[in-house]
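Examining the three-dimensional arrangement
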Amino acid sequence: MLVETYDLEVFTPPCEPGAERFSAIARLTVDISEILPYLNATLRGAVYHPAAKALTWKKGGHNIAFHSFEIATSNAVDRGGAEKEINSLIELVNRTWERRAEIAPSRAIRQRPAPMAVYKLLPGTNCKACGEATCWVFAIKLALSQKKLADCPPLHEPQYLDQLAALESIAIVAPAIG
């Protein structure tokens with residue numbers, strides 16, 4: 001187990017006093033920077049910053065940041081939800097640490113693709129098969145890792161395979177950790 005103890009702070013973000021949302025920071029007693037390349041390899045949509053020893057990730061509407069001695073999350077509906085989210089992130093770090101021999105670490109520096117770059121490669125049919133009203137909305141959600149390329153059925157038609165390949169090269173498509 002990598003993280004055994006930590007101090008937890010749950011708060012309302014200073015930029016939103018009185019807000020209905022909460023953020024939380026786990027201040028760690030151990031440096032987790034060694035696990036970041038493993039998380040980078042396994043978390044779909046993660047953005048790794050090796051020079052800063054940081055990894056950011058979006059999960060279910062939460063902005064998450066892993067730093068050497070901190071794990072932070074935002075946008076929890078209440079204090080209990082913020083605590084639960086931090087606990088699940090600590091479990092994720094520990095589970096990844098236990099499985100690190102099975103994971104090829106990735107030190108690739110990835111950035112989220114710009115929604116417009118994604119949009120320009122989509123079929124542009126606005127067919128709604130992805131569950132979104134327009135291809136633009138789908139592009140935004142794809143860029144934020146809230147949708148997958150598989151969610152766009154037209155992309156898998158023969159006439160769009162070049163666009164699919166281009167999207168695969170710019171989209172963050174690492175497999176999710178199990």
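A brief look at the structure comes next. (Residues numbered from 1 in each chain as written. Predicted model: local features only at pLDDT ≥ 70, side-chain atom pairs only at ≥ 80, totals over all residues. Heavy atoms only, no water.)

Some details on the pairing of strand β4 (residues 54-59)
Sheet topology places strand β3 (residues 47-49) next to β4; three bridges connect them, and they run antiparallel. Among the inter-strand pairings, Tyr-48 is bridged to a residue of β4, identified as Leu-55. Across six bridges, β4 lies against strand β5 (residues 62-67) in antiparallel orientation. Considered in β5, the bridge of Lys-59 is made with His-62. Between β4 and the antiparallel strand that follows it, β5, lie two residues; Gly-60 among them carries a positive phi value of about 55°. (Pairing = 2+ DSSP bridges. Helix = DSSP H or I, 4+ residues; strand = E, 2+ residues; numbered from the N terminus.)

So, the pattern of salt bridges
Opposite charge on two side chains lets them pair, provided their charged atoms get close. The full count for this structure, using the stated rule, is six salt bridges. Ionic pairing is found between Arg-27 and Glu-9, a salt bridge with its closest N-O pair at 2.7 Å. One end of the pair, Arg-27, is in strand β2 (residues 22-28); the other, Glu-9, is in strand β1 (residues 6-11), and 18 residues separate them in sequence. Notably, a salt bridge pairs Arg-27 with Glu-70, separated by 3.0 Å at the nearest N-O pair. (Salt bridge = Lys/Arg side-chain N within 4 Å of Asp/Glu carboxyl O.)

Describing the sheet that holds β3
Sheet strands line up and pair through hydrogen bonds in the backbone, either parallel or antiparallel. Read across the open sheet, the six strands follow the order β1-β2-β6-β5-β4-β3; overall the sheet is antiparallel. Edge positions in the open sheet fall to β1 and β3, since each of these has one partner strand only. Strand-to-strand twist of the sheet, defined as the mean angle between neighbouring strand axes without regard to direction, takes the value 15°. Looking at chain direction, β5 and strand β6 (residues 70-76) are connected through four bridges and run antiparallel. Each residue of the ladder has a partner; that of His-67, found in β6, is Glu-70. Contacts between helix α2 (residues 79-98) and the sheet are confined to β1, β2, β4, β5 and β6, with β6 contributing the most and set at about 140° to the helix. (Axes fitted to C-alpha atoms, helices over the stretch in contact; angles between N-to-C directions. Contact = heavy atoms within 4.5 Å.)

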